[in-house]
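# Coordinate analysis (summary)
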Amino acid sequence: MAKKYFFFDIDRTLGLGITGQVPEDTQYCVDELQRQGHFVALATGRLQCDAAAFAAKHGIRSMVADGGNSLTVDGKILEMEGLPLAPAKALLRELTERNQPWSVVLDNTLDRYTPYPDYPREDPGNYMNTKVQPVDIDSLEQVYKIMYVREQPGTEPADRRQLPHLPFIDNTWLVEPVDKGAGIEKLMGLMGADPKDAVVFGDGLNDITMFRKPFFGVAMGNARPVIKDRADYITDDNDKGGILNACRKFGWIKDECRGKRGEE
């Protein structure tokens, strides 16, 4: 079979929930795809360092991370961009004026910085290291993510300045890039690969941009309806062999030996 380029979302696609646990049959499939000559990468909103840690654990060396804003091939970062800087700074200034606590990620680490000692960080799902210290908005050279406390019900929200907003833990907003599809297109171009050979797997709203032509889109059985509506194929749930079953159905992997893990 001709070489395909596979891009997998992490949470609820490769992994179960947000635990990071990958089913045995899914890991088998990822390994076999690579063994049989295909390109395998993550496509995730996670920061590059966070995605890289997950990827290394599961034998994946390439990724489109930061919602499409960072590209890594064979463990080498090809590029990594932050949010549009002027709108990001303008949002932070307005939030400061509104006394609406915020935090920012300024480098490729899981550290976030906030000038607010009481910035919320009690949710057990929080994976960031919160560092309380002064942040000079005017001197910022890049901003990868912004998190800020949501406005009270009935209160006029801050001007979002066309920056993507996602509901986040601790009753906060998460501002981060969300165009995984553009990142995949750019990475395919850098590798000299035909976008028609890209296959994407996803389940959630931040995967929408991947489900577009000429990519071949596979929605998990547990995917949101809008993802299923855009998909070329709907497979089983991620905990019911969805990825392996799809790859077998389309002949992307061929099980040459019986008794391997993931064998039905």
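Everything numeric in this text was worked out from a predicted model, so none of it was measured. (Residues numbered from 1 in each chain as written. Predicted model: local features only at pLDDT ≥ 70, side-chain atom pairs only at ≥ 80, totals over all residues. Heavy atoms only, no water.)

### Points about the overall build of the protein
The helix and strand inventory of the protein stands at six helices and 14 strands. Taken against the 2.2 N^0.38 rule, which gives 18 Å for 264 residues, the C-alpha radius of gyration of the protein at 19 Å falls within 12% of a compact globule. Referenced to the eigenvectors of the C-alpha coordinate spread, the extents of the protein come out at roughly 65 × 35 × 30 Å. Buried positions account for 51% of the 264 residues belonging to the protein. Here the contacts in the protein between residues at least 6 apart in sequence split such that 56% fall between residues at least 24 apart. By element, 49% of the accessible surface of the protein is carried by carbon and sulfur atoms, the whole surface being about 12100 Å². Taking the average place of the 33 positive charges on the side chains of the protein and the average place of its 41 negative ones, the gap between the two points comes to 4 Å. (Helix = DSSP H or I, 4+ residues; strand = E, 2+ residues; numbered from the N terminus. Rg over C-alpha atoms; globule rule 2.2 N^0.38 Å. Buried < 20%, exposed > 50% of the residue type's maximum accessible area, 1.4 Å probe, protein only. Contact = heavy atoms within 4.5 Å. Areas by Shrake-Rupley, 256 points an atom, 1.4 Å probe, with all protein chains shown as cover. Lys, Arg positive; Asp, Glu negative; His and termini not counted. Charge placed at Lys NZ, Arg CZ, Asp CG, Glu CD.)

### Topic: the sheet that holds strand β13 (residues 216-219)
With respect to topology, eight strands assemble into an open sheet ordered β5-β4-β3-β2-β1-β12-β13-β14, the strand pairing being mixed. The outermost strands of the open sheet, each flanked by one partner alone, are β5 (76-80) and β14 (233-234). Inspection of the sheet shows strand β12 (residues 198-202) paired to β13 by four bridges, in the parallel sense. Counterpart to V199 in the pairing with β13 is F216. (Pairing = 2+ DSSP bridges.)

### Describing the pattern of salt bridges
For the structure on display, the rule yields 16 salt bridges. The closest approach of N and O atoms between D11 and R46, which form a salt bridge, is 2.8 Å. Of the two residues, D11 sits in the loop between β1 (5-8) and α1 (24-35) while R46 sits in the loop between β2 (39-43) and α2 (48-57), which places them 35 residues apart along the sequence. Ionic pairing is found between K240 and D239, a salt bridge with its closest N-O pair at 3.5 Å. (Salt bridge = Lys/Arg side-chain N within 4 Å of Asp/Glu carboxyl O.)

### Points about the state of the cysteines
Enumeration over the complete set of coordinates arrives at zero disulfides. C29 takes part in no disulfide bond, and the closest cysteine sulfur to it belongs to C247, at a distance of 3.6 Å. According to the relative accessible area criterion, C29 is buried, its value standing at 0%. (Disulfide = S-S within 2.5 Å.)

### Describing α1
Taking 1.5 Å per residue as the helical rise, α1 with its 12 residues ought to reach 16 Å, and the 16 Å between its terminal C-alpha atoms agrees with that figure. Restricting attention to buried positions, one finds in α1 the residues D25, T26, Q27, Y28, C29, V30, E32 and L33. Looking at the buried positions of α1, the neighbouring elements they touch are β1, β2 and α6 (242-249). Taken from the residues just after α1, G37 is the one with a positive phi, measuring 95 degrees. (Expected span 1.5 Å × (residues − 1).)

### Concerning helix α3 (residues 85-97)
Across its 13 residues, α3 extends 19 Å between first and last C-alpha, which sits within 8% of the 18 Å expected from 1.5 Å per residue. Buried residues belonging to α3 abut β6 (102-105), β9 (145-149), β10 (165-168) and β11 (172-175). Within two residues after α3, N99 carries a phi angle of roughly 55 degrees, on the positive side.

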